[in-house]
Amino acid sequence: MTMDASINGVAKLDIQDLSIYFDDLHVLDNISFRLSEGDFVSLLGPSGCGKSTLLNLVAGLLAPTSGTISRDGIPVTAPGPDRSMVFQDDAVFPWYTVVQNVEYGLRVKGVEKNERRRKAQGFIDLVGLTGREDAYPYQLSGGMRKRVDVARALAAEPDVLLMDEPFASLDAMTKTRLQAEFLKIWEDSRATVLFVTHDVEEALYLSERVFVMSTGPGRLFHQSDVPFPHPREESLRTSTAFQDQRAELIDALHRAGADF
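Everything numeric in this text was worked out from a predicted model, so none of it was measured.

## A short note on the overall build of the protein chain
Alright, step 1. Summing up its helical and strand segments, the protein chain has eight helices and 11 strands in all.
Alright, step 2. Taken over the C-alpha trace, the protein chain has a radius of gyration of 18 Å; the compact-globule value for 260 residues is 18 Å, and the two agree within 12%.
Alright, step 3. Overall, the C-alpha framework of the protein chain stretches about 50 × 45 × 35 Å when taken along its three principal axes.
Alright, step 4. Taking all 260 residues of the protein chain together, the buried fraction comes to 53%.
Alright, step 5. Contacts spanning at least 24 positions in sequence make up 70% of the contacts within the protein chain whose residues lie at least 6 apart.

## Digging into the packing of helix H5 (residues 142–155) against helix H6 (residues 172–189)
Alright, step 1. Two elements in contact, H5 and H6, have axes whose closest approach is 11 Å; the angle formed by their N-to-C orientations is 20°. Here H5 lies roughly parallel to H6, going by the angle between them. Between H5 and H6 lies a crossing whose hand is right-handed. Residue-level inspection shows Gly143, Lys146, Arg147, Val150 and Leu154 of H5 in contact with H6, the latter providing Thr174, Arg177, Leu178, Glu181, Phe182 and Ile185.

## Digging into H6
Alright, step 1. Under the 1.5 Å per step criterion, the end-to-end length of H6 is 26 Å for 18 residues, consistent within 8% with the ideal 26 Å.
Alright, step 2. Within the sequence span of H6, burial applies to Thr174, Lys175, Leu178, Gln179, Ala180, Phe182, Leu183, Ile185, Trp186 and Glu187.
Alright, step 3. Buried residues in H6 make contact with strand S4 (40–44), helix H4 (113–126), H5, strand S8 (160–164), strand S9 (192–196) and helix H7 (200–206).
Alright, step 4. For H6, the N-terminal cap is Asp171; the gap from its side-chain oxygen to the backbone nitrogen of Met173 is 3.2 Å.
Alright, step 5. Residue Arg190 follows H6 closely and has a positive phi angle near 50°.

## Digging into the environment of Gln243
Alright, step 1. Mapped onto the elements of the fold, Gln243 is located in helix H8 (residues 240–256).
Alright, step 2. Each C-alpha atom of the pair Gln243 and Leu204 lies 9.7 Å from the other, and the pair is 39 residues apart in sequence.
Alright, step 3. Beyond its immediate stretch of four places on either side in the chain, Gln243 contacts Glu201, Arg237 and Thr238.

## Quick look at the sheet that holds strand S10 (residues 209–214)
Alright, step 1. Taken in spatial order, the six strands make up an open sheet running S7-S8-S9-S4-S10-S11, and their pairing is mixed. Looking at strand neighbours, the two that pair on one side only are strand S7 (83–86) and strand S11 (219–225), the edges of this open sheet. For this sheet, the mean inter-axis angle between neighbouring strands, taken without regard to orientation, is 20°.
Alright, step 2. Sheet topology places S7 next to S8; four bridges connect them, and they run parallel. Within the sheet, the bridge partner assigned to Val86 lies in S8 and is Met163.
Alright, step 3. Those strands touched by helix H1 (residues 51–59) are S4, S7, S8, S9 and S10, and its axis lies near 150° from that of S8.

## Focus: the packing of aromatic side chains
Alright, step 1. Per the stated rule, a full pass over the model turns up 13 aromatic pairs.
Alright, step 2. Taking 6.3 Å as the distance between ring centres and 50° as the angle between the ring planes, the aromatic pair formed by Phe167 and Phe195 counts as tilted. Separated by 28 residues along the polypeptide, Phe167 in the loop between S8 and H6 and Phe195 in strand S9 bring together distant segments of the chain. Both residues of the pair, Phe167 and Phe195, count as buried.
Alright, step 3. Here the aromatic residues Phe40, Phe167, Phe182, Trp186 and Phe195 are joined through ring pairs into a cluster of three or more.
Alright, step 4. Above the plane of the ring of Phe93 lies Arg152, whose end atom (NZ or CZ) is 4.8 Å from the centre.
Alright, step 5. Between the NZ or CZ atom of Arg237 and the centre of the ring of Tyr205, over which it lies, the distance is 4.0 Å.

## What about the pattern of salt bridges?
Alright, step 1. In this structure the tally under the stated criterion is 21 salt bridges.
Alright, step 2. The residue Asp159 makes a salt bridge to Lys12 at a minimum N-O spacing of 3.4 Å. One end of the pair, Asp159, is in the loop between H5 and S8; the other, Lys12, is in the loop between strand S1 (2–5) and strand S2 (13–22), with 147 residues separating them in the sequence.
Alright, step 3. For Asp159, a relative accessible area of 27% gives the class partly exposed.
Alright, step 4. Take Lys12: its relative accessible area is 8%, and that puts it in the buried class.
Alright, step 5. For Lys175, the salt bridge identified is with Asp199, shortest N-O distance 2.8 Å. With Lys175 in helix H6 and Asp199 in the loop between S9 and H7, the pair connects residues that are 24 residues apart, well separated along the chain.
Alright, step 6. Given a relative accessible area of 23%, Asp199 falls into the partly exposed group.
Alright, step 7. If you follow the salt bridges from partner to partner, you end up with Lys12, Arg71, Asp72, Asp82, Arg83 and Asp159 in one network.

Criteria and cut-off values
Residues numbered from 1 in each chain as written. Predicted model: local features only at pLDDT ≥ 70, side-chain atom pairs only at ≥ 80, totals over all residues. Heavy atoms only, no water. Helix = DSSP H or I, 4+ residues; strand = E, 2+ residues; numbered from the N terminus. Rg over C-alpha atoms; globule rule 2.2 N^0.38 Å. Buried < 20%, exposed > 50% of the residue type's maximum accessible area, 1.4 Å probe, protein only. Contact = heavy atoms within 4.5 Å. Axes fitted to C-alpha atoms, helices over the stretch in contact; angles between N-to-C directions. Parallel < 35°, antiparallel > 145°, perpendicular 65-115°, else oblique. Left-handed = near helix turned anticlockwise from the far one by under 90°. Expected span 1.5 Å × (residues − 1). Polar contact = N/O pair within 3.5 Å; in protein donor to acceptor, adjacent residues only side chain to side chain. Pairing = 2+ DSSP bridges. Phe/Tyr/Trp six-rings, centres within 6.5 Å; stacked < 30°, edge-to-face > 60°. Lys NZ or Arg CZ within 6 Å of the ring centre and 35° of its normal. Salt bridge = Lys/Arg side-chain N within 4 Å of Asp/Glu carboxyl O.

Here you go:
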């Protein structure tokens, strides 16, 4: 099944006939989809269906057994600054301050010191960490460290932002707050996002479309377009339309093999 999010022109991210084996284990089978610039797509599916593996393939951290991945028509064969990744676990550098963490990608790109500090400050302000620039990660809460992760990924100005269950380890209140904050950031920046989650409500609240994967091996099983306009408010979560979409996705997950 091809999930086509790019009708005209070259796709921002184009995945065609992607499969991968780990020795004799067939992990992903014939995955194809396209993302246009500014798309926000979430991947849902049972544990073990290969969602994180797919993200690692797009990041260039793994090589497929067969199939192709391209960004703006350029083959993806290795990690690169055009793709930034935010992981579930903290990935901030403990020996760097907040501002040093956020400007890390800019420094790797060779951006001049004053310019990278200016850009980093803008993203620190954007994620609500103004005044914490000189703090070290051990001085921050888990939610604050996750904001540093997001700010660092955005500051690198990637073409595609890859997010692997970035809020899963947070408590419920912090998770809900960061979802809302990240959605506002995306609404402003319109970055192209591929987002892995186990949380149906998170996928619906954040995304423009949701792909459901099945397991054994992982395949694209179902696509839902998310019809809710922007900006999205917290009250959306309790609306009848939202709950109807949630029920549709849960049914698709059941049919894909998820065990709730």
